[in-house]
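One-letter residues, chain by chain:
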Amino acid sequence: MISDKKFYTRVLTKDDLNLVPELEKIAFKAQKDPWGTQAIQESFEDSYVLLGLFHYQKVIGFSVIFNTKFTTDLLEICLTPEFQGKHLGQLLLHNTLLKALDIGAKECFLEVRVSNTKAFNLYQKYGFEKVGLRKNYYNSKDGTPGEDAYTMQLSDIESRLALINLQDLNCK
């Protein structure tokens, strides 16, 4: 996995359950419809891979993937707001896809809010293509209709990662 001295990712295991409160804080700061304690705890189970992004020893972001035989679903990716805009989301996505590839996934699927243009553009940079629209996919908190989500697919993780050189990234 790609990292530098200050920022790195690693797979979180059940030994890291003590990080759940921090992961939940990150989700609540970074997401409109954040995962709660139960959802985060469930992502420590065997069928999921939970990757933490660290600044020195402090967790600042995480991603969750669910793998089947040949595919992975990127279920969650978030980064604490004070570290956004520093290429760290790209570092986390890249290392998440490397991990998916490492455990046998050939392709990846995800949903992204229609309004989340930064994430959408990052996914497109990685070769994800829009393959569908899910109406009212994200819940509304105020009783209005939920927000739509694009369904996106990266059909060949390995080929796409070979084209992206993260060594040129300057994670600040």
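Residues numbered from 1 in each chain as written. Predicted model: local features only at pLDDT ≥ 70, side-chain atom pairs only at ≥ 80, totals over all residues. Heavy atoms only, no water.

A. Structural view of the packing of aromatic side chains. By the definition in use, this model includes six aromatic pairs. Residues Phe-7 and Phe-83 carry aromatic rings whose centres are separated by 6.1 Å and whose planes lie at 80° to one another, so their mutual orientation is edge-to-face. In this pair, Phe-7 sits in strand S1 (residues 7-12) while Phe-83 sits in the loop between strand S4 (71-79) and helix H3 (88-102), placing the two residues 76 residues apart along the sequence. The exposure classification of Phe-7 matches that of Phe-83, with both residues buried. Considering the side-chain rings of Phe-120 and Tyr-150, the 5.2 Å spacing of their centres and the 45° angle between planes classify their relative orientation as tilted. Linking Phe-120 in helix H4 (residues 117-125) with Tyr-150 in strand S7 (residues 147-154), this pair joins segments that are 30 residues apart in sequence. (Phe/Tyr/Trp six-rings, centres within 6.5 Å; stacked < 30°, edge-to-face > 60°. Helix = DSSP H or I, 4+ residues; strand = E, 2+ residues; numbered from the N terminus. Buried < 20%, exposed > 50% of the residue type's maximum accessible area, 1.4 Å probe, protein only.)

B. Highlighting the state of the cysteines. Summed over all chains, the structure comprises zero disulfides. With no disulfide of its own, Cys-78 lies closest to Cys-108 among cysteine sulfurs, the gap being 16 Å. (Disulfide = S-S within 2.5 Å.)

Function cannot be read off these values alone, since they describe shape.
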